[in-house]
Amino acid sequence: MRRLLSKLFVLLYLLPLFAENQQILIPKEVFVGDTATIQYKFESNLDFFAFVPDSYFSGEELFLDVEELSNISSSCTIKKATLTRDYTQYTLNITVVPWVCGQMSFKSFNIYDMYPHTNYAPEKQSYIIQLLPVTIASLSQKMGVTTLREQKGPILLPGTNYIILALSILLVLFITLIFIILIKLPKIIKFISSLKQRFEFYMNAKNALHKLKILRNAKTSDYNFSIFWQKTIKNYLNNRFSTNLTSTPSGKIYSEILKNTDGIIDENYTASLEELSRFFIRTDYIKFAHGSLDSHLLPQEEHAAAFQKTERATIITRSILSINKLEEM
């Protein structure tokens, strides 16, 4: 009978305490690693805010010492703790990050010990708070996972997908370009060869024209003029038609060029070759008749081994025109 009365007394003593104190977990379902708030409400006539400096408040909230609170549980990390009041009702908000699933319990603590380090609180002041245990849900149980999954590769860095996409597009374009080049390679080689050949023809003609202009103003004998002219024109024709006319008689130069080109020369250009052939025959006579008996026959206009007054200038001018005409091929 005495034991029953003692239990009834304890129940009657604690009933007002449970009626006045309330504790809720926000959100209701919390998993390991989540950030949650334990909200604990209690009634007290004590003024917990008395003489606390304003620097420890943010609006109506009093910030408590997180380092002191860290000792109340080894299953979580306490990020923040604040105390607010509404007349005699106080609300203690403790922000936690749990690291263990299951039931998480807390040690009782004196709220005065959690105050910031100040000298305002009376010595031996005490107000004990005992937080109720909270349950941390298991994500694996909720999802029905009972075995460990295989390891996955590292998560891609932000923007990696765009880089991979860009590189893929560039790779496709590069492969397409290589494919097009391989298909058109013969045409490309032919085009490059044509450009190279045209450049060589251009430099060949430019060199010949330059030497002819020098010869036009040169103070030299008709004999030396003929030798220099023939050498210049033969070098030009050799490079232009890929032939060798060094030892070819002047009367066969035209036919030799036709033979080397398989006769594929437009009629518009044959006149230029024929004219150059005539100049070869004329300069040959100046070379070989020089100092011979034939050069002294009459009339001198026909047999003299010398050019007439304007003949050298005419040969140079007509040779330049012939070269320019042949370069139009």
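Residues numbered from 1 in each chain as written. Predicted model: local features only at pLDDT ≥ 70, side-chain atom pairs only at ≥ 80, totals over all residues. Heavy atoms only, no water.

### A look at the nonpolar core
- Core analysis: the biggest nonpolar cluster contains 33 residues, and Phe42, Phe48, Leu83, Ile111 and Ile129 have the highest contact counts within it.
- Counting only elements with at least two residues in this core, the list comes to strand E2 (36–43), strand E5 (76–86), strand E6 (89–98) and strand E10 (134–136).
- Phe225, Leu245, Phe307 and Ile320 belong to the second largest nonpolar core, which has 27 residues in total. (Core = buried A, V, L, I, M, F, W, Y, C linked by side-chain atoms within 4.5 Å. Buried < 20%, exposed > 50% of the residue type's maximum accessible area, 1.4 Å probe, protein only. Helix = DSSP H or I, 4+ residues; strand = E, 2+ residues; numbered from the N terminus.)

### Some thoughts on the pattern of salt bridges
- One pass over the structure, following the stated rule, counts 6 salt bridges.
- The salt bridge partner of glutamate 327 is arginine 240, with a shortest N-O separation of 3.2 Å. Of this pair, glutamate 327 sits in the segment after helix H10 (311–326) while arginine 240 sits in helix H6 (residues 222–241), placing them 87 residues apart in sequence.
- Judged by its relative accessible area of 8%, arginine 240 is buried.
- Linking lysine 325 and glutamate 328 is a salt bridge whose minimum nitrogen-to-oxygen distance equals 3.8 Å. (Salt bridge = Lys/Arg side-chain N within 4 Å of Asp/Glu carboxyl O.)

### Focus on the packing of aromatic side chains
- This model, assessed by the stated rule, comprises 12 aromatic pairs.
- For the ring pair phenylalanine 42 and tyrosine 90, a centre distance of 5.6 Å and an interplane angle of 15° mean the geometry is stacked. In this pair, phenylalanine 42 is assigned in strand E2 and tyrosine 90 in strand E6, connecting sequence segments 48 residues apart.
- We classify phenylalanine 42 as buried; its relative accessible area is 1%. (Phe/Tyr/Trp six-rings, centres within 6.5 Å; stacked < 30°, edge-to-face > 60°.)

### Some thoughts on unusual backbone geometry
- Cis geometry marks the peptide bond from isoleucine 26 to proline 27; its omega dihedral reads -5°.
- Position of proline 27 among the secondary structure elements: in the loop between strand E1 (22–26) and E2.

### Focus on the confidence of the model for the protein
- Averaged over the protein, the pLDDT score is 81; the fraction of residues at 70 or greater is 82%.
- Of all secondary-structure elements in the protein, the lowest mean pLDDT belongs to helix H1 (residues 2–20), at 48, while H10 reaches the highest, 92.
- Low pLDDT, under 50, characterises residues 8–19; the stretch is placed with 0 contacts to residues that sit more than four places away or in other chains. (pLDDT = per-residue confidence, 0-100. Contact = heavy atoms within 4.5 Å.)

### Focus on the sheet that holds strand E3 (residues 57–58)
- Judged by pairing direction, the sheet is antiparallel, and its 6 strands sit side by side in the order E1-E2-E6-E5-E4-E3 without closing on themselves. Both outer strands of the open sheet, E1 and E3, are each paired with one neighbouring strand and no more.
- Taken together, the 5 bridges between E1 and E2 define a ladder with antiparallel strand orientation. From the neighbouring strand, isoleucine 24 faces E2, where its bridge partner is glutamine 39. (Pairing = 2+ DSSP bridges.)

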